[in-house]
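# Results of the structural survey
Read off the chains here:
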Amino acid sequence: FQPMPARVSAGDRVRITGKIAHYNGLTEVSNISDVQILEQNQVVPDPLLLTCSEVENSFATDNSEANEGCLIRINNVRVVSGTGPLYTIEDDSGQCLFYIDGDTNLEAPNGVFSVIGILKQYDSTSPYKSGYEIVPRFSSDIILGDGPVFIKQPYEIRINTSSVTFEWQTKSAASAYFFYAKRGESLPDGGLLIS
């Protein structure tokens, strides 16, 4: 066995000699006997843009898994459940799994974000048709949305006939303001309050 050289980095073209194996549905190279760096500093391909639904349904009707092992990106997602390292995220198309490897020291953000990562699989039940997940590699793989990152979303804590009090918490210092109007009146930003 020859260990992976420490100098391997994104943009290197590498030849790895070993045995193709499966681990809980994931195709991988095991029993590595040789590692060769063929080229360095090559252009890294852009991630394949997928939705949560496409990730969740990565097992095709022809029994192929064309996107497994690919670098992918999912835009505008939000964590809806999980405590780590495995979370469920969702976008407008549905839900999929989001896994944070302990070696990355990453944290699942609050609010809306986009994520880049490897599409992997962890399914312990044959015929291995589920368990697809996106796994970010670096802090730059998590792209936060505009505005503050909320640790606690805004919520009403007191209301009476003349005032309402909200409370929230953001990851870093931030300023905030509210627009308000009577029912049926236009808001300062041009919107109409209807509820």
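Look up: the structure comes first, before these words.
Now for a description of the structure that goes with this document. Everything numeric here is computed off the predicted structure, so don't read it as measured data. (Residues numbered from 1 in each chain as written. Predicted model: local features only at pLDDT ≥ 70, side-chain atom pairs only at ≥ 80, totals over all residues. Heavy atoms only, no water.)

Moving on, we get to the overall build of the chain. The secondary structure content of the chain amounts to one helix and 11 strands. Each helix and strand of the chain, placed in order from N terminus to C terminus, yields the pattern β-β-β-α-β-β-β-β-β-β-β-β. Burial analysis of the chain (195 residues in total) assigns 25% to the buried set. If you sum the accessible surface of the chain, you get close to 13200 Å²; carbon and sulfur atoms cover 49% of it. (Helix = DSSP H or I, 4+ residues; strand = E, 2+ residues; numbered from the N terminus. Buried < 20%, exposed > 50% of the residue type's maximum accessible area, 1.4 Å probe, protein only. Areas by Shrake-Rupley, 256 points an atom, 1.4 Å probe, with all protein chains shown as cover.)

With 10 bridges connecting them, strand 1 (residues 13–23) and strand 2 (residues 26–39) associate as antiparallel partners. Of the residues in strand 2, the one forming a bridge with Arg13 is Glu39. Connecting strand 1 to the antiparallel partner strand 2 that follows it, the hairpin turn spans two residues, and Asn24 within it adopts a positive phi of roughly 50°. (Pairing = 2+ DSSP bridges.)

The grouping of Ile159, Val164, Phe166, Trp168 and Phe178 at the surface amounts to a nonpolar patch, some 460 Å² of accessible area in total. Summarising the element assignment, Phe178 is placed in the segment after strand 11 (164–170). (Patch = residues over 30% accessible without salt bridge, like charges linked within 9 Å, V, L, I, M, F, W, Y side chains within 5 Å. Salt bridge = Lys/Arg side-chain N within 4 Å of Asp/Glu carboxyl O.)

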